[in-house]
Structure formats: C-alpha cells, structure tokens
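Secondary and tertiary structure notes
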Amino acid sequence: MAANIITTEDLQEFKKELLNDIKAMISHQSGISPKKWLKSPEVRDLLSISPGTLQNLRINGTLPFTKIGGVIYYDYEEIQKVMEENRIHNKF
C-alpha cells in the first residue's frame, strides 16, 4: 500500500472546495438567495457594525456603494468580495 503525501496547498484547496460545497448546500436548502442590493440598515445587520463604522467604510473607500437620491445601496457580492479580500490568515 503506497503512502500519499498531502501538502499544505492540498489542504487549502480541499478547504476551499468544502466551503463552496457547504455554501451551495445552504443556499439550496433555504431556497432564498440574498438580495442583489442592500440598504444601509441591512448591511449594518449583516456585518454587525454601527452606522458610524459603515460611514467610515464608505468614506475611506473600503466598501463600494451606489447612491440614488438620498438612498445608499450596497452590492451584496461586493460586500462578500471585500470580506474575502480582507481576510487575515494567521499561520502558527
């Protein structure tokens, strides 16, 4: 019986695939896809942040937004993208 060597990269790829599979299962079970555009209160609830923090994220350009009239909208996919890009991986 031959031994297989598993690298760190293999494990990271497995983790990504597993997370994608779990996300797909959750979205299929709920049957409800997230809205494309979210208003400020929905974003604050989603991220568990205060109005001031959300304003700071807009001002410093961290979180892209669209303003129509007096209403600010955020693209759900952009929020997910920002969260992924700013993820910190601690290596022990």
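Our structure is the block above this text.
Please read these numbers as outputs of a predicted model, since none were measured by experiment.

1. Here's the deal with the overall build of the protein
When its secondary structure is counted, the protein shows four helices and three strands. Taken from the N to the C terminus, the helices and strands of the protein come in the order α-β-α-α-β-β-α. Considering only residue pairs separated by 6 or more positions, the protein has 51% of its internal contacts joining residues 24 or more positions apart. Accessible surface computed for the protein: about 7900 Å², of which carbon and sulfur atoms make up 56%.

2. Observations concerning the packing of aromatic side chains
By convention here, two paired aromatic rings are described through the distance between centres and the angle between planes. Applying the stated criterion to the full structure yields one aromatic pair. A ring pair is formed by F65 and Y74, whose centres lie 6.5 Å apart and whose planes are at 50 degrees; its orientation type is tilted. Its relative accessible area of 37% is what places F65 among the partly exposed residues. For Y74, a relative accessible area of 0% translates into the label buried. Here the basic side chain of K36 rests over the ring of W37, its NZ or CZ set 5.5 Å away from the ring centre. A cation over a ring is seen here: R58 above F65, with NZ or CZ 6.0 Å from the ring centre.

3. Quick look at the packing of helix 2 (residues 40–47) against helix 4 (residues 76–85)
The geometry of helix 2 relative to helix 4 is characterised by a closest axis approach of 12 Å and an angle of 30 degrees between their N-to-C directions. Helix-helix and strand crossings are classified by hand; for helix 2 and helix 4 the assignment is right-handed. Taking contact as the criterion, the partners of V43, L46 and L47 in helix 2 are, on helix 4, Y76, I79 and M83. Looking at side-chain class alone, the contact of helix 2 with helix 4 contains six nonpolar, no polar and no charged residues.

4. A short note on the environment of M83
Its place among the elements puts M83 in helix 4. M83 gets classed as partly exposed once you look at its relative accessible area, which sits at 46%. Spatially, the C-alpha atom of M83 lies 9.9 Å from that of T62, the residues being 21 residues apart in sequence.

5. Observations concerning the side chain of S40
One can find S40 in helix 2. The buried category is assigned to S40, whose relative accessible area is 15%. Here Y74 takes part through its side chain, which lies 3.5 Å from a polar atom of the side chain of S40. Excluding residues within four positions of it along the chain, S40 makes contact with L54, R58, I72 and Y74.

Cut-off values and rules
- Residues numbered from 1 in each chain as written.
- Predicted model: local features only at pLDDT ≥ 70, side-chain atom pairs only at ≥ 80, totals over all residues.
- Heavy atoms only, no water.
- Helix = DSSP H or I, 4+ residues; strand = E, 2+ residues; numbered from the N terminus.
- Contact = heavy atoms within 4.5 Å.
- Areas by Shrake-Rupley, 256 points an atom, 1.4 Å probe, with all protein chains shown as cover.
- Phe/Tyr/Trp six-rings, centres within 6.5 Å; stacked < 30°, edge-to-face > 60°.
- Buried < 20%, exposed > 50% of the residue type's maximum accessible area, 1.4 Å probe, protein only.
- Lys NZ or Arg CZ within 6 Å of the ring centre and 35° of its normal.
- Axes fitted to C-alpha atoms, helices over the stretch in contact; angles between N-to-C directions.
- Left-handed = near helix turned anticlockwise from the far one by under 90°.
- Nonpolar A, V, L, I, M, F, W, Y, C, P; charged D, E, K, R; others polar.
- Polar contact = N/O pair within 3.5 Å; in protein donor to acceptor, adjacent residues only side chain to side chain.

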